[in-house]
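# Observations on the model geometry
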Amino acid sequence: MNVHVSEGKAVSQGVGEYEKLGAGTANGQGGPDVSIIVPCYNESANVRPLVEMLRKVLDGRRWEVIFVDDNSPDGTSDVVRALAQEDSRVRGLCRIGRRGLSSAVIEGALSSSAQVVAVMDGDLQHDESRLPALIDAVAGGGCDLAVGSRHVEGGSNQGLANAWRHALSDGGIWLAQRFMPVRLTDPMSGFFAIRQDRFRQIAPFLAATGFKILLDLVLSSPTPLKVQEIPCGFRARVAGESKLDVVVMLQFGALLVDKLCHGLVPLRFIAFCGVGFAGVLTNLVIMRLALLAGADFSLAQGVGTVVAMIVNFFLDNTVTYRDRRLKGARAARGLLLFVLVCSVGAVANIGIARLLYDQGHMITEASVAGAIMAAVWNYAMSSTIVWRP
């Protein structure tokens, strides 16, 4: 099966009996009992080794593996497609026009008809030998969610590349544990299994952004999940590049804020405002430097404003709209549009503040109202014009 669709939708790849949802098992009869969801980007070198590992550890079980690839330029989907021709237990979803681990997991899990859904990374760092224990813990009814933990007795996180990544991971775990409704030693884990019916129940409440789908699941569940942790190791990466960086941790923090707000404020808007605050600081610093260099106030303010807009654009392109990131000529065009949008927002800010001040409102009230209107305008126009879906 090879279905091509427009930008922003998934492309399903598979052959044989997978043309019918749930068909295709080791013996060709009935549907799989477990689906392994593997979100991936630029993991072409790891696909075949991972499938071979799954064949060994899941021997005798009815299983399938669903690779959800964000249109990797290294040909990951081509490798998946070739494997699907050889083994009907291999399926692929190639997503065009968007990126993100969490949303990839959601789409992969909801495409499954299995009773249990397991999630693991495509970089071979997760210990696949622990999959049976995760699956059995959920399938046996002992828990809703089984998590492969590096931080219980028998677990290990030695595969993290360096001290910096250890610090990022440990800091994220400490922060997440302050907000979680259940005890979980490794909320940063990307290796877990969950009952399909529970996943479907939680799916409408998920933020579906960023890279930490486990935390999203636990915080979004309408009722507390019954969790069991299974010790697992974490190997060093063999091929490809790690996705854990500062941007991922910023998105992680924004997810926590989103859940604290109960989804009333869009996660992307929170990130957009955070970037806007960084722009204000940039404006003040550049303006001060220009004044020290001898520029008059109007010139210094103008230079500071332009530099702040440029900084905001690149931060938003990297953080806020990471899944819609503009590159090359599109980035240059986007920068011009962003400056235009923000210029209109600045004029609106001044106009509204002046109007309210003339009506007798305090200076602070008028300024805050103008800033809020400008932020909403800039966010709305940026989302629909500059980084349109």
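Use the structure listed above.
Reference entry: report on the structure contained in this document. These figures come from a predicted structure and were not determined experimentally.

## Points about the overall build of the chain
Helix and strand counts for the chain stand at 12 helices and eight strands. Expressed as a percentage of its 389 residues, the buried residues of the chain come to 48%. Counting only contacts in the chain whose residues sit at least 6 apart along the sequence, the fraction spanning at least 24 positions is 75%. As presented, the chain carries roughly 18,000 Å² of accessible surface, and 61% of it is formed by carbon and sulfur atoms.

## Digging into the packing of aromatic side chains
Summed over all chains, the structure comprises seven aromatic pairs. Plain terms: the ring middles of F269 and Y379 are 5.1 Å apart, the flat faces sit at 75 degrees to each other, and that makes the pair edge-to-face. Here F269, found in helix 9 (residues 267-292), pairs with Y379, found in helix 12 (residues 363-386); they are 110 residues apart in sequence, far enough to count as distant. Residue F269 shares its accessibility class with Y379, and that shared class is buried. Arranged with centres 5.3 Å apart and planes meeting at 20 degrees, the rings of F313 and W387 form a pair that is stacked. With F313 in helix 10 (residues 297-320) and W387 in the segment after helix 12, this pair connects stretches of sequence that are 74 residues apart. For F313, a relative accessible area of 0% translates into the label buried. Given a relative accessible area of 1%, W387 falls into the buried group. One aromatic cluster is present, built from ring pairs that chain together F313, F314, Y321, F338 and W387.

## With respect to the pattern of salt bridges
Applying the stated criterion to the full structure yields 14 salt bridges. Ionic pairing is found between R95 and D70, a salt bridge with its closest N-O pair at 2.7 Å. Remark: D70 occurs in the loop between strand 3 (63-69) and helix 2 (76-86) and R95 occurs in strand 4 (residues 90-95); sequence separation between them is 25 residues. The exposure class of R95 is buried, given its relative accessible area of 0%. Note that E107 and R95 form a salt bridge whose closest N and O atoms lie 3.1 Å from each other. Separated by 12 residues along the polypeptide, E107 in helix 3 (residues 101-110) and R95 in strand 4 bring together distant segments of the chain.

## Structural notes on the side chain of S149
Along the chain, S149 turns up in strand 6 (residues 145-149). Only 2.7 Å separates the side chain of S149 from the side chain of T185, close enough to count as a polar contact.

## A closer look at helix 1 (residues 44-57)
For helix 1, every residue scored as buried is listed here: N46, V47, L50, V51 and L54. Around the axis of helix 1, the buried residues are gathered within 135 degrees of arc, so they sit on the same side. Helix 1 presents A45 and K56 as exposed residues on the side facing more than 90 degrees away from its buried surface. Those residues of helix 1 hidden inside the fold are in contact with strand 2 (34-40), strand 3, helix 2, strand 4 and helix 4 (131-139).

## Some details on unusual backbone geometry
Although it is not a glycine, N42 sits at a positive phi angle of roughly 55 degrees. Residue N42 is classed as partly exposed on the basis of its relative accessible area of 28%. A positive phi angle is found at N71, which is not glycine, with a value near 55 degrees. Exposure remark for N71: the relative accessible area of 42% places this residue in the partly exposed category.

## Details of the nonpolar core
I36, L54, V65, F67, M120 and L131 are the most contacted members of the largest nonpolar core, which has 30 residues in total. Going through the elements one at a time, strand 2, helix 1, strand 3, helix 2, strand 5 (116-119) and helix 4 are the ones with two or more residues in this core. Residue contributions to this core peak at five residues, all from helix 4. Grouped together as the second largest cluster of nonpolar side chains are 26 residues, I106, A109, V182 and I213 included.

Procedures and definitions
Residues numbered from 1 in each chain as written. Predicted model: local features only at pLDDT ≥ 70, side-chain atom pairs only at ≥ 80, totals over all residues. Heavy atoms only, no water. Helix = DSSP H or I, 4+ residues; strand = E, 2+ residues; numbered from the N terminus. Buried < 20%, exposed > 50% of the residue type's maximum accessible area, 1.4 Å probe, protein only. Contact = heavy atoms within 4.5 Å. Areas by Shrake-Rupley, 256 points an atom, 1.4 Å probe, with all protein chains shown as cover. Phe/Tyr/Trp six-rings, centres within 6.5 Å; stacked < 30°, edge-to-face > 60°. Salt bridge = Lys/Arg side-chain N within 4 Å of Asp/Glu carboxyl O. Polar contact = N/O pair within 3.5 Å; in protein donor to acceptor, adjacent residues only side chain to side chain. Arc of directions from axis to C-beta. Core = buried A, V, L, I, M, F, W, Y, C linked by side-chain atoms within 4.5 Å.

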